[in-house]
Amino acid sequence: MEPGDLDAPVTGPLDLDRLRADTPGCLDHVFLDSAGSSLPPTPVLDVVHAHLRREAEVGGYRAHDERLDDLEAGYGVVAELLGCVPGDVAFTESATRSWLTAVDSVPLAAGDRVLVTEAEYAGNAIPLLTLAERTGFTVEAVPSDGTGAVDVDALTGLLDERVKLVSLVHVPTNGGLVNPVREVVDAAHAVGALVLLDACQSLGQLPLDVRAMGVDMLSATGRKWLRGPRGTGVLVVPEHVRARLRPRLVDLHSGEWTGTSQVELRADARVFELWEHSAASRLGFIAAARYALDLGVDRIAAAVSDRAERLRAGLRSVPGVRVRDLGTTRSGLVTFTVDGVAADAVRDGLRARGVTTTVSRLGSTRLDMTRRGLDELVRASPHCFVSPEQVDAAVAAVARLA
């Protein structure tokens, strides 16, 4: 089966040898940071490198024009991956740009209310609180339930006609839980509120279906579990939602200058795009989406879950190590602490032993970390290209530090 062959079967387990051959960077060390910025597969790198070389040969404009068909087809590829239609898809430069563009388009005013969960990420909370201070709406947190997930009953009790937006983080950056989506959407829609799903940590590792989930907006990045280039993102806004939004960050791509004092904005989701972008990176994002479809997202999810659960079980067996993940439905993010050892020291000690992890701090998820009395966590996120033996090696490396 060749990389990118969308006609290949997607049943049965993943071919680990193929995955690892496509990911040379995973061969000489244990890479456990796909929740940060993953290792792109060779087919993605090839697409990016080839386009950059072509730009060096003929210039960016001509190189871009030569790939117009591929760039246009990319909307369909991403729509297939996310369970929507091509007209709902906008490419951006990051999940942050997607999220900010979406929120900035919601007509919020003094007296309105915006609800967030305790898993809200600082990259969302900081601009939202800044906008609230300037505009006069309020931002309120929905409590978590006993498992750590958003408490849907508590959400229902907070909802009224003044709530215009619910910001829902699908998979928190600092733990393994997966928040419920459909239940939150149904509750919010009962009072006419919009739901923005931050899928930054779920795109590429979990199946996503915008129509089935019913979300009004979805933001995500390419560099994490999807294994695309940095500087890429996507925003999904279905047609029935776009009429309720007022995009402000528009340019000559988002609309047309139709008269001396008149403009006409695009009707599709590309109204949220800007003209200038990296064509090489966007082609790489599309290649990463094709690669995920080729493998089968269900199969990716099963493999990621297998590695994450193996890692959790191994870490729990090490004296002095505490797995900190919450939730009943788990993702591929595994967080832990080592008694008496700072998170930075654990990360650095693992790196010296050929294991790549990262640290999640209080400032990234202040509400949740404060509730749990935590200042920092070590975060490990094994993708499907990580072998079971590498997971065991990572556990052994942690044990030597504990």
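None of these values were measured; they are calculated from a predicted model.

Participant: It is not clear to me how the overall build of the protein should be interpreted in this structure. Could you clarify?
Facilitator: Within the protein, the regular secondary structure consists of 15 helices and 15 strands. At 21 Å, the protein has a C-alpha radius of gyration in line with the 21 Å of a compact globule built from 402 residues. Projecting the C-alpha coordinates of the protein onto the three principal axes gives extents of approximately 70 × 55 × 35 Å. A total of 402 residues make up the protein; the buried ones form 55% of that total. Counting only contacts in the protein whose residues sit at least 6 apart along the sequence, the fraction spanning at least 24 positions is 70%.

Participant: For this particular structure, what's the right way to read the layout of surface pockets?
Facilitator: The rolling of a water-molecule-sized probe over the atoms marks out the regions of remaining empty space. Reported here for the largest pocket is a volume of approximately 380 Å³. Lining the largest pocket are 19 residues, and of these His64, Leu68, Leu71, Trp275 and His277 sit closest to its centre. Elements that contribute at least two residues to the lining of the largest pocket include exactly helix H3 (60-66), helix H4 (68-82) and helix H11 (279-295). Within the lining of the largest pocket, the residues separate by chemical class into seven nonpolar, five polar and seven charged.

Participant: Is there a simple way to explain the confidence of the model for the protein in this structure?
Facilitator: Low pLDDT means the predicted coordinates in that region are not meant to be read closely. Here the protein averages 96 in pLDDT, while 97% of its residues score no lower than 70. Low pLDDT, under 50, characterises residues 1-9; the stretch is placed with 19 contacts to residues that sit more than four places away or in other chains.

Participant: I tried to follow the sheet that holds strand E4 (residues 138-142) on my own but got confused; where do I start?
Facilitator: Adjacent strands of a sheet form backbone hydrogen bonds with each other and so pair up, either parallel or antiparallel. The seven strands are arranged E2-E8-E7-E6-E5-E3-E4 in an open sheet whose pairing can be described as mixed. Whereas interior strands pair on both sides, the edge strands pair on one side only; in this sheet they are strand E2 (89-92) and E4. Shown here is a sheet whose adjacent strand axes are inclined to one another by a mean of 20°, direction ignored. As defined by bridge partners, strand E6 (residues 194-198) adjoins strand E7 (residues 217-221) across three bridges and the pair is classed as parallel. Within E7, the position partnered with Asp198 by the bridge is Ser219. Each of E2, E7 and strand E8 (233-236) touches H11; the most contacted strand, E2, lies at about 130° to it.

Participant: Where do I start with the side chain of Asp368 in this structure?
Facilitator: Considering the arrangement of structural elements, one finds Asp368 in helix H14 (residues 366-372). Its relative accessible area of 5% is what places Asp368 among the buried residues. Residues contacting Asp368, with those up to four places away along its chain left out, are Glu118, Asn174 and Leu326.

Participant: How do you make sense of the state of the cysteines when you look at a structure like this?
Facilitator: Among covalent bonds in proteins, the disulfide is the one between the sulfur atoms of two cysteines. Tallying each qualifying case throughout the model produces zero disulfides. The closest cysteine sulfur to the non-disulfide-bonded Cys384 is located on Cys26, 9.6 Å from its own sulfur.

Participant: I keep staring at the sheet that holds strand E14 (residues 358-361) and nothing clicks. Help me out?
Facilitator: Strand order in the open sheet formed by four strands is E11-E12-E15-E14, and the pairing between neighbours is antiparallel. Two strands bound the open sheet, and with one partner strand each, they are strand E11 (321-323) and E14. The average angle at which neighbouring strand axes cross in this sheet is 40°, direction not considered. Summarising the sheet, E14 and strand E15 (residues 376-380) pair through four bridges and their orientation is antiparallel. From the neighbouring strand, Thr358 faces E15, where its bridge partner is Arg379. Helix H12 (residues 297-316) contacts E11, strand E12 (334-338) and E15 of the sheet and is inclined by roughly 15° relative to E12.

Participant: What is the right way to read the environment of Glu72 from this model?
Facilitator: Looking at the secondary structure, you find Glu72 in helix H4. In sequence terms Glu72 and Val323 are 251 residues apart; their C-alpha atoms lie 44 Å from each other.

Participant: How do you make sense of the nonpolar core when you look at a structure like this?
Facilitator: Inside soluble globular proteins, nonpolar side chains tend to come together where they are buried. In this structure, Leu82, Val166, Leu203, Val215, Leu218, Val234 and Phe336 are the most contacted members of the largest nonpolar core, which totals 91 residues. If you tally residues by element for this core, the top one is H11, at 10 residues. Once residues within four sequence positions are removed from consideration, Val215 is found in contact with Val181, Val185, Val195, Leu197, Val210 and Pro238. Judged by nonpolar contacts, the second largest core, of 23 residues, contains Ala102, Val116, Phe137 and Ala269.

Participant: Could you clarify how one ought to interpret the packing of aromatic side chains in this entry?
Facilitator: Within a pair of aromatic rings, the relevant descriptors are the distance that separates the centres and the angle that separates the planes. A complete count under the given rule lists four aromatic pairs for this structure. On the numbers, 5.7 Å between centres and 80° between planes, the contact of Phe91 with Phe285 is edge-to-face. In this pair, Phe91 is assigned in strand E2 and Phe285 in helix H11, connecting sequence segments 194 residues apart. Under the relative-accessibility criterion, Phe91 is labelled buried at 1%. Cluster of aromatic residues (ring-pair linked, three or more members): Tyr75, Phe91 and Phe285. Between Arg270 and the ring centre of Tyr75, over which it is positioned, the NZ or CZ distance is 3.7 Å.

The rules behind the values
- Residues numbered from 1 in each chain as written.
- Predicted model: local features only at pLDDT ≥ 70, side-chain atom pairs only at ≥ 80, totals over all residues.
- Heavy atoms only, no water.
- Helix = DSSP H or I, 4+ residues; strand = E, 2+ residues; numbered from the N terminus.
- Rg over C-alpha atoms; globule rule 2.2 N^0.38 Å.
- Buried < 20%, exposed > 50% of the residue type's maximum accessible area, 1.4 Å probe, protein only.
- Contact = heavy atoms within 4.5 Å.
- 1 Å grid on protein atoms, 1.4 Å probe; cavity = no way out; pocket = protein on both sides within 12 Å on 5 of 7 lines; lining within 4 Å.
- Points joined across faces, edges and corners; volume = space filled by probe spheres on them.
- Nonpolar A, V, L, I, M, F, W, Y, C, P; charged D, E, K, R; others polar.
- pLDDT = per-residue confidence, 0-100.
- Pairing = 2+ DSSP bridges.
- Axes fitted to C-alpha atoms, helices over the stretch in contact; angles between N-to-C directions.
- Disulfide = S-S within 2.5 Å.
- Core = buried A, V, L, I, M, F, W, Y, C linked by side-chain atoms within 4.5 Å.
- Phe/Tyr/Trp six-rings, centres within 6.5 Å; stacked < 30°, edge-to-face > 60°.
- Lys NZ or Arg CZ within 6 Å of the ring centre and 35° of its normal.

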